[in-house]
Amino acid sequence: MASAKADINFEKELFEAANRMRATVAPADYKHIVLPLIFLRYLSLRYDKRRKELEVQLSDPNSPMYFSDEEIVREILEDRDQYIAERVYVLPEEAHWSYIVKNAKQPNIKEILDNAMKLIEAENDDLVGVLPRIYRSTNLPIENLASLIEIFSRDTFSSSSDDAVDVLGRVFEYFIGNFASSEGSRGGQFFTPSSIVELLVAMLEPESGTFLDPACGSGGMFVQSQRYSKNKYALSFYGQESVDLTVRLGKMNVLMHGINADIRLGDSLLNDQYKDQQFDFVIANPPFNQKLWGAEKIQKNDPRLITDYDKAVTDGNANYMWMQHFLYHLKDGGTAGFVMANGAMTTNNSGEKDVRQKLVDEGYIDCVVQLPEKLFFTTGIPCCLFFLSKNRDGEKGYRARKNEMLFIDARKKGVMVSRKQRVLTQEDIAEIAAAYHTFRSVNGKFESVEGFFKVATIEEIQGNDYKLTPGIYVGTEETEIDDVPFEEKMTELMCRLQEQFIESNRLQERITRNLEALIS
């Protein structure tokens with residue numbers, strides 16, 4: 001399985017339960033039904049655990065919170081501050097999971113769920129705008145909904161289980177990954193395959209500081225970065241996402257992993273929610289090759305543009321507008337790592353190549369990694385990673401490398417886990433990240449590995465017409481880059497073959513008729 005793993009013993013059953021919705025709900029809508037249910041279960045679980053803790057403390061004569069007066073005990077148990085202080089959300093009785101389970105087979109269960117979402121938001125300002133009220137408007141049969149509620153009511157998710165909160169977090173991730181897979185190309189809008197996220201984070205090494213993902217989807221970059229950091233509270237997360245329902249999923253996902261991220265709604269390129277802010281890290285998987293994205297709305301004096309407006313902006317492709325956005329939001333000393341379509345490494349189009357030249361000439365590009373094909377199950381477009389940096393003068397403990405760039409050709413890395421998908425192994429990730437770390441390190445002894453990675457000077461890159469394809473520099477075969485997915489190529493070739501068959505048949509008939517005319 002290439003997506004996030006739940007690491008539980010009923011993954012198949014979980015996904016089959018979701019698949020029962022197939023007849024009445026579009027695959028793109030599965031997640032909006034299942035994931036809020038998991039989140040609701042999570043909120044109840046946290047609330048129950050906190051209430052149990054209080055009950056133990058209030059009944060223990062050796063505890064400073066001990067009270068024999070039942071009235072006082074009841075008041076403390078109902079005191080919302082006792083929960084909020086521990087970052088636990090307050091749940092009204094009609095929003096508690098036990099109430100939902102009790103009514104799971106009732107004909108009005110959809111109204112009960114929508115009402116539960118509304119009641120929770122009314123009690124907790126932090127959750128306003130996060131919980132969707134969509135159940136009443138779906139065609140989902142009540143028995144399917146009851147079946148999902150039954151699964152999430154198992155003992156594994158009860159407050160008596162020590163790791164129930166962690167398991168629910170993994171289940172949430174598992175579903176995000178599998179729903180993305182079932183949605184095809186639309187799934188990539190909210191989910192980046194975990195091995196790519198792990199590689200980006202391992203290369204960036206975000207231990208502490210501020211962290212921006214301006215195309216944050218379901219928040220996977222935040223979750224992985226928090227896992228990487230040794231100090232759980234040393235990173236502050238900021239995100240932006242243009243799709244309202246995806247913003248909600250992202251907020252639920254990070255909360256379930258104990259992360260309090262500031263995720264805002266809006267198009268990052270056209271409605272930047274962090275206009276005057278810079279960050280230590282920028283990480284992103286922006287939409288590939290966006291056309292007609294609204295370039296005409298960018299002002300000529302936009303502070304993000306690094307060259308003249310006519311050279312910096314094109315409505316034909318937003319890739320280099322994204323790069324300028326990332327660079328603008330980097331603090332001095334900061335680093336940005338992001339996913340890009342391969343075409344960005346060599347494009348000669350106006351509004352793209354000029355920006356690439358400027359990034360190279362001014363020494364902002366730190367590293368380019370070409371990835372193997374089929375890492376995304378949502379698109380066949382081959383992709384690469386770019387790293388921009390504002391610490392290339394030798395500050396922040398890094399080596400001075402302003403006149404150099406690291407190229408890594410990782411096209412042969414990874415293993416196929418299905419006919420259509422490849423993943424990077426932990427060894428691959430460690431090997432690629434180590435090359436980048438050594439390249440940046442003051443004490444690193446960097447030695448190129450032919451066919452894998454090499455450092456090139458800015459002059460060499462200029463001599464290659466600013467092409468950034470790693471194969472040119474590391475000594476591997478350079479392949480044509482056209483950003484056309486394999487499936488589209490095959491469809492086009494099949495169409496052309498059919499046309500040639502038709503033409504062949506027409507010519508055969510014509511030749512036959514001509515020969516028959518000669519002997520008649």
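Reading guide: rules and limits
Within each chain, residue numbers correspond to sequence positions counted from 1 in written order. Totals for whole chains, interfaces and linings use all residues, but because this is a predicted model, local features are given only for residues with pLDDT of at least 70 and pairs of side-chain atoms are given and counted only at 80 or more. Only hydrogens and water are set aside when side-chain values are computed; all heavy atoms of the structure are taken into account. The helix and strand labels rest on DSSP assignments: H or I over at least four residues marks a helix, E over at least two residues marks a strand, and numbering proceeds from the N terminus. Relative accessibility decides the category of a residue: with a 1.4 Å probe and only protein chains considered, values under 20% of the type maximum give buried, values over 50% give exposed, and everything between is partly exposed. Note on contacts: a residue pair is in contact if any heavy atoms of the two residues lie within 4.5 Å. For two strands to pair, DSSP has to find at least two bridges joining them. To get an axis, fit a line to the C-alpha atoms, keeping to the stretch in contact for a helix; angles then go from 0 to 180 degrees between the N-to-C directions. The aromatic pairing rule takes the rings of Phe, Tyr and Trp, using the six-membered ring of Trp, and pairs them if the centres are within 6.5 Å, calling planes under 30 degrees apart stacked, those over 60 edge-to-face and the rest tilted. Charge over a ring is defined by NZ of Lys or CZ of Arg lying within 6 Å of the ring centre and within 35 degrees of the ring normal. Residues enter a nonpolar core if they are buried and are Ala, Val, Leu, Ile, Met, Phe, Trp, Tyr or Cys, with the set joined through side-chain atoms within 4.5 Å. In this scheme, patches are assembled from residues that exceed 30% relative accessible area and form no salt bridge. Like charges are connected within 9 Å, while nonpolar side chains (Val, Leu, Ile, Met, Phe, Trp, Tyr) are connected within 5 Å. Surface exposure here means Shrake-Rupley accessible area, sampled with a 1.4 Å probe, where a residue is shielded only by the protein chains that are shown. For this analysis, a salt bridge means a side-chain nitrogen from Lys or Arg found within 4 Å of a carboxyl oxygen belonging to Asp or Glu. Disulfides are defined as pairs of cysteine sulfur atoms found within 2.5 Å of each other. In the analysis that follows, any N or O atom pair within 3.5 Å is treated as a polar contact, provided that within protein one partner can donate a hydrogen and the other can accept it, and provided that, for residues neighboring in sequence, both atoms belong to side chains.

Visitor: Help me understand the overall build of the protein, please; the structure alone is not making it clear to me.
Guide: Helices and strands together make up the secondary structure of the protein, namely 18 helices and eleven strands. Split into buried and exposed, the 520 residues of the protein put 52% on the buried side. Intrachain contacts of the protein at a sequence separation of at least 6 include 73% that bridge at least 24 residues.

Visitor: Sorry, what's going on with the sheet that holds strand β7 (residues 383–389) here?
Guide: The strands that make up a sheet are held in pairs by hydrogen bonds between backbone atoms, and each pair lies either parallel or antiparallel. Read from one edge to the other, the open sheet built from nine strands follows the order β3-β2-β1-β4-β5-β7-β6-β8-β11, with strand pairing classed as mixed. Two strands bound the open sheet, and with one partner strand each, they are β3 (262–265) and β11 (453–457). Pairs of neighbouring strands in the sheet enclose a mean axial angle of 15°, with direction left out of account. Where strand β1 (residues 209–213) meets strand β2 (residues 235–241), five bridges bridge the pair, whose relative direction is parallel. Looking across to β2, one finds that Phe-211 is bridged to Phe-237. The strands touched by helix α10 (residues 220–228) are β1, β2, β3 and β4 (279–284); relative to β2, the strand with the most contacts, the crossing angle is about 170°.

Visitor: Any chance you could explain helix α13 (residues 319–328) here in plain terms?
Guide: Each α-helix winds once per 3.6 residues, and so residues spaced three or four apart point in a common direction. Counting buried positions along α13 yields ten of ten residues, so the element is predominantly enclosed. Residues Asn-319, Tyr-320, Met-321, Trp-322, Met-323, Gln-324, His-325, Phe-326, Leu-327 and Tyr-328 constitute the buried set of α13. On the buried face of α13, the contacting elements are β4, α12 (309–312), β5 (330–341), α14 (353–361) and β7.

Visitor: Help me understand the packing of aromatic side chains in this model?
Guide: The geometry of an aromatic ring pair comes down to the distance between the two centres and the angle between the two planes. Applying the stated rule across the entire model yields 18 aromatic pairs. For the pair Tyr-238 and Tyr-274, a centre-to-centre distance of 5.9 Å together with 80° between the ring planes defines the contact as edge-to-face. With Tyr-238 in strand β2 and Tyr-274 in the loop between β3 and β4, the pair connects residues that are 36 residues apart, well separated along the chain. Accessibility expressed as a relative area gives 1% for Tyr-274, which makes it buried. Between Phe-288 and Phe-376, the ring centres sit 5.8 Å apart and the planes meet at 70°, which makes this aromatic pair edge-to-face. Here the residue Phe-288 occupies a position in the loop between β4 and α12, and Phe-376 occupies one in the loop between β6 (365–370) and β7, the gap between them amounting to 88 residues. Residue Phe-288 is classed as buried on the basis of its relative accessible area, which comes to 19%. Taken together, the ring pairs connect Phe-211, Phe-222, Phe-237 and Phe-281 into an aromatic cluster. For Lys-402, the ring lying beneath its charged end belongs to Tyr-364, and the centroid distance is 5.7 Å. Sitting above the plane of the Phe-452 ring, Lys-413 keeps its charged end 4.5 Å from the centroid.

Visitor: Can you walk me through the environment of Ile-429 in this structure?
Guide: Positionally, Ile-429 belongs in helix α15 (residues 426–440). Ile-429 sits 15 residues away from Gly-414 along the chain, and the two C-alpha atoms are 9.2 Å apart.

Visitor: Just to check I follow, could you spell out the pairing of strand β8 (residues 404–409) for this structure?
Guide: Residues in a regular strand point their side chains to alternate faces of the sheet. Of all six residues making up β8, five are buried, and the element is well covered by its neighbours. Two strands pair when backbone bridges link them, and β6 and β8 are joined in this way by four bridges, in the parallel orientation. Within the sheet, the bridge partner assigned to Gln-370 lies in β8 and is Asp-409. Across five bridges, the pairing between β8 and β11 is antiparallel. Directly across from Leu-406, in β11, lies its bridge partner Val-455.

Visitor: What exactly am I supposed to notice about the nonpolar core here?
Guide: It is characteristic of soluble globular proteins that their nonpolar side chains tend to be buried jointly. Leu-37, Ile-38, Phe-39, Ile-100, Phe-152 and Phe-175 are the most contacted members of the largest nonpolar core, which totals 60 residues. No other element matches the 14 residues that helix α2 (residues 27–59) contributes to this core. With residues up to four places along the chain from it excluded, the contact list for Ile-100 reads Leu-40, Ala-95, Ile-109, Ile-112, Leu-113, Ala-116 and Ile-149.

Visitor: Could you clarify how one ought to interpret a nonpolar patch on the surface in this entry?
Guide: A grouping of Leu-507, Ile-511, Leu-515, Leu-518 and Ile-519 is seen on the molecular surface, where their side chains present a nonpolar patch of about 560 Å² in accessible area. Within the element layout of this structure, Ile-511 appears in helix α18 (residues 486–519).

Visitor: Any chance you could explain the pattern of salt bridges here in plain terms?
Guide: Think of it this way: side chains of opposite charge can pair up when their charged atoms draw near. One pass over the full model with this rule turns up 22 salt bridges. Among the ionic pairs, Lys-413 bridges to Glu-431, the shortest N-O distance being 2.9 Å. Taken as a pair, Lys-413 in the loop between β8 and β9 (415–416) and Glu-431 in helix α15 lie far apart in primary sequence, 18 residues in all. Glu-431 gets classed as partly exposed once you look at its relative accessible area, which sits at 36%. Here the residues in one salt-bridge network are Arg-51, Glu-55 and Glu-78, joined through shared partners.

Visitor: Help me understand the state of the cysteines in this model?
Guide: What we call a disulfide is simply a covalent bond connecting the sulfur atoms of a pair of cysteines. On inspection of all chains with the given rule, the structure shows zero disulfides. Of all cysteine sulfurs in the structure, the one in Cys-384 sits closest to Cys-383, which takes part in no disulfide; the separation is 6.9 Å. Its relative accessible area of 1% is what places Cys-383 among the buried residues.

Visitor: Teacher, can you tell me more about unusual backbone geometry here?
Guide: Of note in the backbone geometry, Lys-396 takes a positive phi value of approximately 60° without being a glycine. With respect to the helices and strands, the residue Lys-396 is situated in the loop between β7 and β8. With phi around 55°, Asp-465 is a residue other than glycine that occupies positive phi space. Relative to the elements of secondary structure, Asp-465 occurs in the loop between α16 (458–463) and α17 (470–474). Overall, Asp-465 belongs to the partly exposed group, its relative accessible area being 36%.

Visitor: What should I look at first to understand the side chain of Gln-324 in this one?
Guide: Along the chain, Gln-324 turns up in helix α13. There is a polar contact of 3.1 Å between the side chain of Gln-324 and the backbone oxygen of Tyr-320. In contact with Gln-324, not counting residues within four places along its chain, are Arg-304, Leu-305, Ile-306, Thr-307, Ala-312 and Val-355.

Visitor: Honestly, the environment of Lys-31 in this entry has me stumped. Any pointers?
Guide: Considering the arrangement of structural elements, one finds Lys-31 in helix α2. For Lys-31, a relative accessible area of 4% corresponds to the buried category. C-alpha separation for the pair Lys-31 and Phe-172, spaced 141 residues apart in sequence, amounts to 9.7 Å.

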